[in-house]
Each structure stands twice: as structure tokens, then as C-alpha cells.
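Chains, contacts and geometry: an overview
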Amino acid sequence: MGDTMLEIRNLSAGYATAKGFVRAVDDVSFSLGRGEFLGVAGESGCGKSTLAYAIMRLLRDNARIESGSALFKGRDLAAMTAAEVNAHRWTDMAMVFQSAMNALNPVLSVGEQLTDAVHAHRSVSRAEAEALAAEMLALVDIHADRLKSYPHQLSGGMRQRVMIAMALILKPELLIMDEPTTALDVVVQRSIIEKIEELRRRLGFSVIFITHDLSLLVEISDSLGIMYAGRMVEYGPAAELFNDPRHPYTEGLMNSFPSLTGPLRRMDGIEGRTPDLLSPPPGCRFAPRCRYARPTCSAGDPPRLEPLGGGRLSACPYPRRGEAYGCAPAAPAAPEGGSL
Amino acid sequence: MSAGLIPATNAAPERAPALELRSVVKHFPLRSLAAYGKAVHAMDDVSLTLEAGGSLALVGESGSGKTTTASVIARLYERDSGELIVAGLPARPFRGRAESLAYKKRVQLIFQDPFGSLNPTHTIRSILERPFLIHGLADGKADLEARLSDALEQVGLSPASEYLRRFPHELSGGQRQRVNIARTFAVEPSIVLADEPTSMLDVSIRMGVMNMMLDLKERKGVSYLYITHDLAGARYMCGSIAVMYAGMIMEMGPTDEVIRDAVHPYVRLLKSASPSPEAGLVRTPLDAGGEIPSLIDPPPGCRFHPRCPYAEPRCRESVPGLADLGGGRRVRCVLALR
Ligand SMILES: Nc1ncnc2c1ncn2[C@@H]1O[C@H](COP(=O)(O)OP(=O)(O)OP(=O)(O)O)[C@@H](O)[C@H]1O
Ligand SMILES: Nc1ncnc2c1ncn2[C@@H]1O[C@H](COP(=O)(O)OP(=O)(O)OP(=O)(O)O)[C@@H](O)[C@H]1O
Ligand code: SF4
Ligand SMILES: [Mg+2]
Ligand SMILES: [Mg+2]
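So, here's what we can say about the structure. (Residues numbered from 1 in each chain as written. Chains lettered and ligands numbered in written order. Predicted model: local features only at pLDDT ≥ 70, side-chain atom pairs only at ≥ 80, totals over all residues. Heavy atoms only, no water.)

1. Observations regarding the sheet that holds strand 4 (residues 81-86) of chain B
All names here are of chain B. One open sheet accounts for four strands, arranged 2-1-4-5; its pairing is antiparallel. Across the chains shown, the open sheet's two edge strands, defined by having one partner strand only, are strand 2 (39-50) and strand 5 (89-90). Pairing geometry for strand 1 (residues 19-29) and strand 2, over eight bridges, is antiparallel. Directly across from phenylalanine 28, in strand 2, lies its bridge partner valine 40. (Pairing = 2+ DSSP bridges. Helix = DSSP H or I, 4+ residues; strand = E, 2+ residues; numbered from the N terminus.)

2. Brief notes about the interface of chain A and chain B
The interface of chain A with chain B comprises 46 residues on the first partner and 46 residues on the second. At the junction of chain A and chain B, the tally comes to one salt bridge. A salt bridge links A:Arg266 to B:Asp215, with the shortest nitrogen-to-oxygen separation between them at 3.1 Å. If you look at where chain A meets chain B, you find 15 residue pairs in polar contact (both at pLDDT 80 or more). Mapped by element, the contributors of at least two residues to the side of chain A that touches chain B are helix 5 (156-168), helix 6 (186-203), helix 7 (214-220) and helix 8 (238-243) of chain A. Counting residues per element, the side of chain A that touches chain B draws most heavily on helix 6 of chain A, at six residues. Its residues assigned to classes, the side of chain A that touches chain B shows 18 nonpolar, 16 polar and twelve charged. (Contact = heavy atoms within 4.5 Å. Salt bridge = Lys/Arg side-chain N within 4 Å of Asp/Glu carboxyl O. Polar contact = N/O pair within 3.5 Å; in protein donor to acceptor, adjacent residues only side chain to side chain. Nonpolar A, V, L, I, M, F, W, Y, C, P; charged D, E, K, R; others polar.)

3. Looking at the coordination of the magnesium ion (ligand 4)
Residue and element names in this part refer to chain A. Protein coordination of the magnesium ion (ligand 4) is provided by Ser49 (OG) and Gln98 (OE1), with donor distances spanning 2.0 to 2.3 Å. You can see serine 49 sitting in helix 1 (residues 48-56) and its partner glutamine 98 sitting in the loop between strand 6 (93-96) and helix 3 (110-121), a full 49 residues away along the chain. According to the relative accessible area criterion, glutamine 98 is partly exposed, its value standing at 39%. (Donors = N, O, S within 2.8 Å, 3.2 Å for Na, K, Ca; no water. Buried < 20%, exposed > 50% of the residue type's maximum accessible area, 1.4 Å probe, protein only.)

4. A short note on the state of the cysteines
Evaluation of the coordinates by the stated rule reveals zero disulfides over all chains. Free cysteine B:Cys315: the closest other cysteine sulfur is in B:Cys302, separated by 6.3 Å. (Disulfide = S-S within 2.5 Å.)

5. Some details on the site of ligand 1
Residue and element names in this part refer to chain A. The full set close to ligand 1 counts 17 residues, and Ser44, Gly45, Lys48, Ser49 and Thr50 are the nearest of them. One of the side-chain N or O atoms of glutamine 98 is found 2.9 Å from an oxygen atom in ligand 1. Here ligand 1 loses 69% of its free accessible area of 630 Å² to cover by the protein chains. Top element by residues in the shell around ligand 1 is helix 1. It accounts for three residues. Here the shell around ligand 1 is composed, by residue class, of five nonpolar, eight polar and four charged. (Near = heavy atom within 4 Å. Areas by Shrake-Rupley, 256 points an atom, 1.4 Å probe, with all protein chains shown as cover.)

6. Let's talk about the nonpolar core
In terms of nonpolar packing, the biggest core is built from 71 residues, with A:Leu114, A:Phe209 and A:Leu214 touching the most fellow members. A total of eight residues in this core trace back to one element, the largest contributor, which is helix 5 of chain A. Split by domain, the residues of this core number at least three in each of domain 1 (4-221) and domain 2 (231-326) of chain A. Beyond its immediate sequence surroundings of up to four residues, A:Leu214 is in contact with A:Ala41, A:Leu224, A:Ile226, A:Leu253, A:Met254 and A:Phe257. With 68 residues, the next largest nonpolar core counts A:Val187, A:Leu260, B:Val243 and B:Ala246 among its residues. (Core = buried A, V, L, I, M, F, W, Y, C linked by side-chain atoms within 4.5 Å. Domains from an automatic or database assignment.)

7. Focus: the packing of helix 3 of chain A against helix 5 of chain A
Relative placement of two packed helices is described by the angle separating their axes and the distance separating the axes. Residues and elements named next belong to chain A. Here helix 3 crosses helix 5 at 20 degrees, and the two axes come no closer than 9 Å. It follows from the interaxial angle that helix 3 and helix 5 lie roughly parallel. As helix 3 packs across helix 5, the resulting crossing turns out to be right-handed. Mapping the contact onto sequence places Val110, Gln113, Leu114 and Ala117 in helix 3 and Val162, Ala165 and Met166 in helix 5. A class-by-class count of the residues in the contact of helix 3 with helix 5 yields six nonpolar, one polar and no charged. (Axes fitted to C-alpha atoms, helices over the stretch in contact; angles between N-to-C directions. Parallel < 35°, antiparallel > 145°, perpendicular 65-115°, else oblique. Left-handed = near helix turned anticlockwise from the far one by under 90°.)

8. So, the site of ligand 3
Ligand 3 sits among A:His247, A:Pro248, A:Cys284, A:Ala287, A:Cys290, A:Cys297, A:Cys316 and A:Pro317. The class makeup of the residues in the shell around ligand 3 is seven nonpolar, one polar and no charged.

9. Brief notes about the sheet that holds strand 2 (residues 20-33) of chain A
All names here are of chain A. Pairing in this open sheet of four strands is antiparallel, and the strands run 2-1-4-5 from one edge to the other. The open sheet has two free edges, formed respectively by strand 2 and strand 5 (75-76), since each of these has just one partner strand. Of the pairings in the sheet, the one linking strand 1 (residues 4-17) to strand 2 comprises nine bridges and is antiparallel in character. Across the sheet, residue leucine 11 finds its bridge partner in strand 2, namely valine 28.

What is shown is where atoms sit, not what they do.
Below you can see the structure in the form of C-alpha cells.
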């Protein structure tokens, strides 16, 4: 992975609301190598989209970056003027938005929307833009006939692939995808993910793939970042996070999707609900739901991500969890019916 | 090992199945002039059996006809043709409100959306009271009170008094879905049709709701038809499975067997597309492109043939029948006939 494409350092961002400031991204740090595929997972409202918007400098009017930096190839996006960011956005770094398949303009054909995207940033002839549009559609397995189609004439999966083609048309080096497949059926979802994977290998861009569906991410990501209530609580190589989660929240998430082919066992998910970001609980934000929590967990500042070695980081000060105390949590109840 | 945390059959063999569909058809006529005479073929030749005390998962992609099937069973819509048999008795047109009420008490539907299905202007108390009052299930005020508490505690919402006075917006999604489930079980149904009951919930709390449904089933002995698009969730919940594609059931049988060695190419496709992190990180690419066909002009023959890597000329000519492979396994594909 060699050089670093993106380095996020202590980034905080959020929204000014009538009730106070919602710090949706709170002191988040991670780095992304060239060509690397990073999966970011976490529950609804934990700040995934806000993180993506902050990096792209597309935060809404009531939102702002409070502190920290986002170094894109060494230059701090957070400190750039609007004009400087414009020079990078869509050309060097692009984003596919959550529910993007409804984001296409209904009155313009697919071809017009693709060529408009080219003309907005490059001075090329119409023929060149059209050729590029056809080439990009072919990349996502859509026949050039479809250049004349309108969005409503395409299925959800095709619209989503058009959005991916549009994000890639200027050959960005970083692609951020915010839940690009969530509303789609598994088969369509899988074919889109395989497409992204193939394009990444061919074109060499880096990917940040955001979703709440961890089971999907484990298979496709090089690295995984797990967010909870605005904070990154665990980060590391995807396979290792899956096989040996260190943060109790990650462990809970891994216990939240049943296995398709492995042994069938009772899984418990996580009790309780996510905290309100207007007044997050003191100490570790996961403490109220954590089966390993100690009184010390609920005091002071939230624990920071600390290295565990091997490129892994966790924000739980007890990296071996209950074992540190010599006490494992109660074993989950055996499933009923004796069918195991 | 049988699939599902519930044994596939814990019913005495002589009991009639809780529910049977035989060759049920349901089309929705299109109303526009341009489409005069056309219809959405939402269910065609759908046959399935839910054993008494059993649990059957109905799986399939969006628009394949799962909700229509549940609605036909709940008799929100009447089927166009075919038989619906509940506890051995064929369904016939309702004669009067009492009959339809009795049916609705017995066959309960849980909807996908815990946000839309609870009236936002009513307290949890008035939402939960309704079924007891409508079906005359409570014996006086004290009994009603006890039943309300019991209903909420069964779904893990306690102390009940704390929840009874709240409004739906004062509950989390998971809590709302629990209220929904409490309301369903309040009338002591014998069949529960659960239409994607956890798909709108945050991932971390889905298992809690699923486990609670499994526990309730064990305690109350109801039969479940559990609708989902998640194959792994189907396996966790149900001993048997039926996979729908474009309005037809393509394969059914014991869940573990169907997942382990699916015969129908669509079911194999579904399996290879389903997330399965424990199976290793390197996967073979899918070998069928395309998306679910139009149900207004469904493809002739096997509805999967336009996407099927194994399609033969005869697949385009006539709809394959459901071949019986024994052991409860049935497959609608020419491959199964060889
Ligand atoms: N425009 C806004 N004004 C005020 N608060 C907002 C705004 N947008 C988001 N928030 C709040 O910021 C937090 C993070 O939101 P964000 O959209 O980043 O979450 P997410 O992880 O992307 O969730 P989801 O999985 O539902 O998309 C949430 O608590 C949300 O309520
Ligand atoms: N009341 C209706 N009128 C007309 N068409 C309908 C009606 N209800 C459903 N349909 C159509 O019937 C087909 C099957 O729909 P159904 O809702 O049963 O699918 P589903 O498998 O439940 O899908 P999903 O997973 O998206 O919920 C779809 O093409 C749908 O548009
Ligand atoms: S610090 Fe405590 S509460 Fe937080 S994650 Fe670790 S164990 Fe849980
Ligand atoms: Mg989001
Ligand atoms: Mg449905």
C-alpha cells in the first residue's frame, strides 16, 4: 500500500442545532493507503455520513469542522479555502451519496448527466466527453445504448452503477461510498461490490466504503474502522477484526449477524440503545451497553484509540476485555429446543 | 442437526398443518388505460405447507411476492384461485364480521415498519388495549391490567407501567417493534406471519428481537411464517424454507439442506451473493447477471431463464413443475428432473 492517500488526524465535526452542538464526528483519526479499501461500519446516527461529508468538505450549512485535519496527499483539506477544495473535489476525490440512486436528475438522460460532469471540470470536445461517458458505462456493465435512457427507465441497481460511473469519470484517486448498496437486493449488491473491486484493481484508486452492514464489509475490506456515537472505537485489518474483535462494541456487532453455513449458535447482539449525541454519557460511550463495563469506564474523557500492535487499535483500555479481570462475562444461554 | 434454533418438527405427526397453500394465484390488475387487460403476476402457482408448531421462512428478493403471500394468507386480499387451508379447514368467503374477526385473531400479521404500524397519537396502553377489547379477551379491569403488563413483560419491556403511558415516538425502533409483537401475541394467535420484522432495526438490536420471537414461539406454541430477504436470518429462525422468485416458489425444504446444497440456480445465486464472512474472504464471482424480471410480462417458461447460466431450450417453453426430491424438498427446475 506504500504511500498514504488520506490521513485523518483528530478530526471533530458536527451540527449546530437549537438544542446545542451535536458532535457527530469526535476526535477521529485513521489513515488510508493508496489503493487501499477501508470499510467504515457503525449504527445509524453514529456519524459515518458526517465523516464522509467532512472529508469532501460538503458539510451542510449548520455543520462545521471544529478541529483536526484531513491530509489528502499531504495537503490539509480542512484548512483549504473553498476554491482550493473545488480544485480537488470530483477530480481527485469523489463520493457516491447515500440513496444515490434517487439522486439522478429525472429530466436528463444518463448520457447528458455523465457528459455534464466531464464538461464541468475538463475542457474537452463534446465527442470526447461522449466517448468517455460510453467508456465509463461499459466499465459498470451498462451498454452504451443506455446513454439515451432516463433514470426512471433503469432499475435501482443500474441507477446505482450509473452513479458509480459518474463518480469515477474524472479518474479520482479516492472514492468515498456512503451506503452505496443498502437499498438493493443481495444479488445486485454483490454484483456492484464485485464491480467496485474490479475497478479498484484496474484503476488503482482508494476506497472508503461506509455501511451499517458489517457482514458485507468483512469480506471486501482491507481495513475496517468501527464507529460508535461519533468516535472510532476500533481499527485494523478486516480479517483480524472479524476473528478476534478487541473492542466490546465490535465484539457485539460480530455477534449480531447469524452465520450462513457455520455452526448455528444463539447470538445475542447488543442490549440497549445508542446514546443521544447531544449529551453523550461520560467516559466510554459504550459503557451503558457494555457487558464488561467497570465503574471506571463511566468516568472522565472517552478512551482514545490506542495501538495494540500489528496495525490494530482499540479505544477500550482493556484490550483483552473481561480476561483482564480474570472474569469472563456470563456464557450466553443455550438455545432452546435442543436442535443444535 | 436441523436448521433454525427451533426444531423443524415438534408437532405430533397426525396434526393437520397449521397452514397450506395449494396453487394459489394472485394478480393485481393494472388500472391505466394503456395497460388495459394487463396485471402484475405477484403470485403464481404458490403451494406451501407450514407444519403445526413449525416455522417456515419465505425468502426472496424485493418484489418477488413475499408480502403478497402474507397478505393473501391474512386475507387482506382474497386470492384469485387456489386453496388456502388453515388447520385442515379450507378457507371460504367470510359470512359476517364475526367470522372475519375470528380469522384475524387466529392469523396475525407483524409488519416490517415499527414506525408506521403504531398510531402516533395513541399511548402504548391504548394501542395494546385495543385487541383485548375487540376480541373480548379480558375479564374486567383488573384482568385487563394484568394482561397488559404480562404482554409487555413477555417482550422484555418492564416495568410495564413505565411503557404503558408512553407514546410511540418515545420508544426506540427496537422497543416499538417489541410493542408490535406484544400486540400480535396479545390475542393468542395460532399463526404469526412476520413480514421482515427486523429489517428496519439497527443491526445490534436485531438479534434481541429475533431471540425474543424464538422464545415466544417456544412458550406459546405458535406457527411462524417468517419473511426475510436474509438467508442467514432465515436459517437462524426457521426449520424450513421456501425461496420465491418473480412470484413463484423455486425451491423449498429443510433450511440447512436447502442452503447446503441448493438445486435451483436462483437459490445457488442467492447463496453465493449472501454475506458469509466465516466462509473466507475470497469468493467466486457470481455467474448470473441481470435483475428480477417484470411481473407484468413475466418471461415465458421458467421465470429465471433469462438470467440462468444453465437454461436449455425447454426452459423457455413451459414452466417447470415442482419436482419432489423427497424429505420435504421440492424444486421448480428442469435440473431437478434429471
Ligand atoms: N443537518 C443536521 N442537523 C443536525 N444534526 C444532524 C444533521 N445531520 C445529521 N445530524 C446528526 O448527526 C449524527 C450523525 O449523523 P450521520 O448522518 O453522520 O450518521 P450516519 O452514521 O451516517 O447514520 P445513518 O447510518 O443513519 O446514515 C446523528 O445523530 C444525526 O442526528
Ligand atoms: N396492491 C397492489 N397493487 C398492485 N401491485 C401490487 C400490489 N401489491 C404488490 N404489488 C406488486 O406485486 C409484486 C410483489 O410485491 P410484494 O410486495 O409481494 O413483494 P415482496 O416480495 O414483499 O417485496 P419486498 O421485499 O420489496 O417487500 C410487486 O411487483 C408489487 O409491485
Ligand atoms: S471501556 Fe469499558 S465500556 Fe468501554 S468499551 Fe471498554 S469495557 Fe466497554
Ligand atoms: Mg449516513
Ligand atoms: Mg414485502
